Amino acid sequence: MNLASVLFQVGRRTPDAVAVSSAAATFRFAELCGRAQCIAGALRNRLGLAAGERVLICAENMAEFFELVFGCWAAGLVAVPVNAKLHRNEVAHIAADSGARIVFTSNALAEGLGGLRGEVESVAEVVVIGGDRHAHLLAADPIDAQTVAPDDTAWLFYTSGTTGRPKGAMLTHRNLLFASLCYYADIDRIGSADTMLHAAPLSHGSGLYGLAHLFGGGRQIVLGRFDAAEVFDAIAHSPNVSFFAAPTMVTRLVHGAAATDPNLANLKTICYGGAPMYVADLEQALARFGPRLYGLYGQGESPMTISGLPQSLHAVADPARRAALLGSCGYARTGVEVRVVDDHGVPLPPGESGEIVTRSDCVMRGYWRNAEATAATLNGGWLHTGDIGAMDAHGLLTLQDRSKDLIISGGSNIYPREIEEVLLRDPRIVECAVVGRRHADWGEEPVAFVVTREAARIEPAELDALLAAHIARYKRPREYRFVASLAKNNYGKILKTELRTLLAQSAA
C-alpha cells in the first residue's frame, strides 16, 4: 500500500486535470506523476539510496514539494519535510538525527544549508530545487511505485518533546491514508472541482491535508507565504476553495475581510487548528465567513486527526449549547477512540479533568530511534497527548491546558526550555524563565524573566542576537523582564504559574 500508487491511480484517471499550481509552475496530474516517478528513479538508481533511507526537504512553499514527497514514496524512501523558518542549526540537527542522505532545499536557503554536506555525516548531496542538479534528476528513467508495507514509515514528522529536543514521529503509509479517509468522512468529500489552498507551511498541517485533495483529484494552489489579499484573490478565482489555517491566520483574514469586503462565494471550508482558538475570535470569524469552519484537534503523532468540530455545529443557535461547542475540540473523529484518563490510565467520569489519550490507525508508529520516548508516549497502546481536558457524557471534548509549558504562537510550537538554555549561555545571567503571554493576533507570545548577576547590565538587543545565532527568529521573546529573583517552590522549582499570573495582572 504505497501512497504514491494512490496518486498514480488518480493520474491515470484524470491525466489532464491541474494537480498543483503556483506563481512559478503548474503541473497537471500526468506531469506531476511523471516527475515523481523520475525523482524516484533518480533517488534509487542514480543516487543509490536503499529502501527506507531518508530524504530531507526544507524549502518555502512551492509546487515542487509534492513531486519530491511522492517521489520519495514511490522509491520506497522516507520523506523528512522541515519547516523553512527553522534556524540552520535546527535543520542540521534534524538532518543528523534522521540520517538524511539527500537534502532538497530552495535557492533562498541554499547558502545556509549547502554546508550540510560535509558537516552532517549522512548527507551525501544538497540539491537546489529548480536548479541544474534538480533538472538532471528529473531526466532520470522513471520507476513505478515500489512495494512497501502499510506500516513502513512514509513521513518523518519532527515535533518537539517537552524538553524542546526535536523528536521524529514516524508516520506510516497507513497513518496518512487513514487521515485522508477521515478527511472525507468528517470534513468534506473531495472531487475534481475542489481546490486546496496552501498558505500555511506544506511541511506541516497544510501539506498533510493536501494529500486528501490530491487523492480525491482536487487541485492544489500553493502560495509562497500567507498574505490575506492573496488568499482572497485565490478564493475569488478558484472553485470550492478549502485551506488549513492556524487561529492567528483566521483572525488576520477576518481583519482583512473587514477592510476589503472580498468575494467569498467560492469559499468551501476553513480547517482551523494547531492551537486553541478563543471563542470571541471564532464568533468574529463565523460572522464574516459563515459556518464554513471546521475545528480540528490533533498532534504530529496523530496527524491532524484526534477530534473535530464539524461545520454544522458552528451554526448552533442555542446560546448555552453554542458556547460549549465553540469552546471545545469537538468529538472523536471517525474510527478514532479518545479518552480522558487519570495518572494511572484509568478512564475518568464525564466532566472530570485528566490527560487526553487516543488510539486509531492514525497514531504514529513511534519516535525515530527513541525507544524510551515511544514507550512512554504509546503506553498501553494509547497515544498519551500530554494535554489536559475533559469530556462530557455525549463525548464532547474540551481542551483545558496544554502539556508542560508549551507556548503556541501563530500555530507554531515554542518550547520555553529551548530558549532558556540559550539565554543561560550568557555568563551574566543567573537564571531565567520563559512563559507565554496572551496576544490578540498570535494567540500567545513568549516573555522572558531574567535574573542577572549583581551589577550586570544587559541590553535586550544583546539577548536577541544571542538567540538569533542558535534558534529560529519566531521563537525569540517579545519582552525581557529583568527581575531580582524568581519565585520557587520548596523543591527549588521555578513557579511559572506565578509568572503567568503576573503577566495577566499587568495586562489587566
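Described below are features of the structure shown in this document. Keep in mind that this is a model prediction, so the values were computed, not measured.

What about the packing of aromatic side chains?
This structure, assessed with the given rule, holds five aromatic pairs. Ring geometry for phenylalanine 65 versus phenylalanine 66: centroids 5.5 Å apart, planes at 85°, classification edge-to-face. Taking the relative accessible area as the measure of exposure, phenylalanine 66 reaches 1% and is therefore buried. Feature note: the residues Phe65, Phe66 and Trp155 constitute an aromatic cluster, connected by ring pairs.

A word on the packing of helix H11 (residues 247–260) against helix H12 (residues 279–289)
Close contact between H11 and H12 brings their axes to 10 Å; oriented N to C, the two are set at 45°. The angle between H11 and H12 places the two elements in the oblique class. The interaxial crossing formed by H11 with H12 has left-handed handedness. Between H11, through Val250, Thr251, Leu253, Val254, Ala257 and Ala258, and H12, the contact on the second element is made entirely by Asp281, Gln284, Ala285, Arg288 and Phe289. Partitioning the contact of H11 with H12 into residue classes produces seven nonpolar, two polar and two charged.

Focus on the nonpolar core
Counting 110 residues, the largest nonpolar core has Phe70, Trp73, Phe243 and Phe289 as its most contacted members. The contact partners of phenylalanine 70, leaving out residues within four places of it in the chain, are Leu3, Ala4, Leu7, Ala36, Leu211, Leu214 and Phe215. Listed in part, the 39 residues of the second largest apolar core include Leu109, Val120, Ala448 and Leu466.

Some points on the pairing of strand S10 (residues 219–222)
By the bridge criterion, two bridges tie strand S1 (residues 18–21) to S10 in an arrangement that is parallel. Bridging from a neighbouring strand, serine 21 pairs with isoleucine 221 of S10. In this sheet, S10 lies alongside strand S9 (residues 195–198) in parallel orientation, the contact comprising four bridges. Following the sheet pairing, threonine 195 is matched in S10 by arginine 219. Handedness of the crossover joining S9 and S10 through helix H9 (residues 205–215) is recorded here as right-handed.

Here we look at the sheet that holds strand S24 (residues 479–482)
If you trace the three strands from one edge of the open sheet to the other, you get S22-S23-S24, paired in mixed fashion. The open sheet has two free edges, formed respectively by strand S22 (429–439) and S24, since each of these has just one partner strand. Averaged over all pairs of adjacent strands, the angle between strand axes in this sheet comes to 25°, irrespective of strand direction. The sheet contact formed by strand S23 (residues 443–452) and S24 spans four bridges and is parallel. Paired with phenylalanine 449 across the strands is arginine 481, a residue of S24. This element, helix H17 (residues 496–507), spans S22, S23 and S24 of the sheet and lies at about 50° to S22.

Focus on helix H3 (residues 64–74)
Among the eleven residues in H3, eleven count as buried, and that is most of the element. Among the residues making up H3, those that are buried are Glu64, Phe65, Phe66, Glu67, Leu68, Val69, Phe70, Gly71, Cys72, Trp73 and Ala74. Residue glycine 76 follows H3 closely and has a positive phi angle near 75°.

Topic: the sheet that holds strand S13 (residues 293–299)
Pairing is mixed in the open sheet, where nine strands are placed in the order S2-S1-S10-S9-S11-S12-S13-S14-S15. The open sheet has two free edges, formed respectively by strand S2 (26–28) and strand S15 (331–332), since each of these has just one partner strand. Direction of pairing for strand S14 (residues 302–309) relative to S15: antiparallel, over a ladder of two bridges. In the strand pairing of S15, glycine 308 is matched with tyrosine 331.

Re empty space enclosed by the protein
In total, this model carries two cavities of 30 Å³ or more according to the counting rule given. In this structure, the largest cavity is lined by 15 residues; those nearest its centre are Pro247, Thr248, Pro276, Trp442 and Gly443. The residue makeup of the lining of the largest cavity, split by class, is seven nonpolar, six polar and two charged. By volume, the second largest cavity is sized at about 30 Å³. Lining the second largest cavity are Leu176, Ala179, Ser180, Leu208, Leu211 and Pro303. The set of elements that each furnish at least two residues to the lining of the second largest cavity consists of helix H8 (173–186) and H9.

Concerning helix H1 (residues 3–13)
Regarding H1, the residues found buried are Leu3, Ala4, Val6, Leu7, Phe8, Val10 and Gly11. Here H1 starts with a cap whose side-chain oxygen sits 2.9 Å from the backbone nitrogen of alanine 4, and that cap is asparagine 2.

Some points on the packing of helix H10 (residues 228–237) against H11
Each pair of packed helices gets described by two things: the angle between the helix axes and the distance between those axes. Relative to each other, H10 and H11 sit at 75°, their axes nearing to 9 Å. Between H10 and H11, the angle falls in the class roughly perpendicular. For the pair H10 and H11, contact is made by Ala228, Val231 and Phe232 and by Arg252, Leu253, Gly256, Ala257 and Thr260, respectively. Class assignment of the residues belonging to the contact of H10 with H11 gives a composition of five nonpolar, two polar and one charged.

A few points about the state of the cysteines
On inspection of all chains with the given rule, the structure shows zero disulfides. Lacking any disulfide linkage, cysteine 182 is separated from the closest cysteine sulfur, that of cysteine 362, by 6.5 Å. Of the residues examined, cysteine 182 reaches a relative accessible area of 3% and is grouped as buried.

Some words on the side chain of glutamate 444
For glutamate 444, the location among the structural elements is in strand S23. Classification of glutamate 444 by relative accessible area gives buried; the value is 15%. A polar side-chain atom of glutamate 444 sits 2.9 Å from the main-chain amide nitrogen of isoleucine 408.

Some words on the pattern of salt bridges
Within the structure shown, the criterion is met by 21 salt bridges. The residue lysine 475 makes a salt bridge to glutamate 90 at a minimum N-O spacing of 2.5 Å. One end of the pair, lysine 475, is in the loop between helix H16 (460–468) and S24; the other, glutamate 90, is in helix H4 (residues 88–98), and 385 residues separate them in sequence. Aspartate 261 is the partner of arginine 288 in a salt bridge, and the nearest nitrogen-oxygen pair spans 3.9 Å. Separated by 27 residues along the polypeptide, arginine 288 in helix H12 and aspartate 261 in the loop between H11 and strand S12 (267–272) bring together distant segments of the chain. Arginine 288 gets classed as partly exposed once you look at its relative accessible area, which sits at 32%. Through salt bridges with shared partners, a single ionic network connects Arg437, Glu445, Glu479 and Arg481.

The rules behind these values
- Residues numbered from 1 in each chain as written.
- Predicted model: local features only at pLDDT ≥ 70, side-chain atom pairs only at ≥ 80, totals over all residues.
- Heavy atoms only, no water.
- Phe/Tyr/Trp six-rings, centres within 6.5 Å; stacked < 30°, edge-to-face > 60°.
- Buried < 20%, exposed > 50% of the residue type's maximum accessible area, 1.4 Å probe, protein only.
- Axes fitted to C-alpha atoms, helices over the stretch in contact; angles between N-to-C directions.
- Helix = DSSP H or I, 4+ residues; strand = E, 2+ residues; numbered from the N terminus.
- Parallel < 35°, antiparallel > 145°, perpendicular 65-115°, else oblique.
- Left-handed = near helix turned anticlockwise from the far one by under 90°.
- Contact = heavy atoms within 4.5 Å.
- Nonpolar A, V, L, I, M, F, W, Y, C, P; charged D, E, K, R; others polar.
- Core = buried A, V, L, I, M, F, W, Y, C linked by side-chain atoms within 4.5 Å.
- Pairing = 2+ DSSP bridges.
- Right-handed = clockwise from strand over helix to strand, strands pointing away.
- 1 Å grid on protein atoms, 1.4 Å probe; cavity = no way out; pocket = protein on both sides within 12 Å on 5 of 7 lines; lining within 4 Å.
- Points joined across faces, edges and corners; volume = space filled by probe spheres on them.
- Polar contact = N/O pair within 3.5 Å; in protein donor to acceptor, adjacent residues only side chain to side chain.
- Disulfide = S-S within 2.5 Å.
- Salt bridge = Lys/Arg side-chain N within 4 Å of Asp/Glu carboxyl O.

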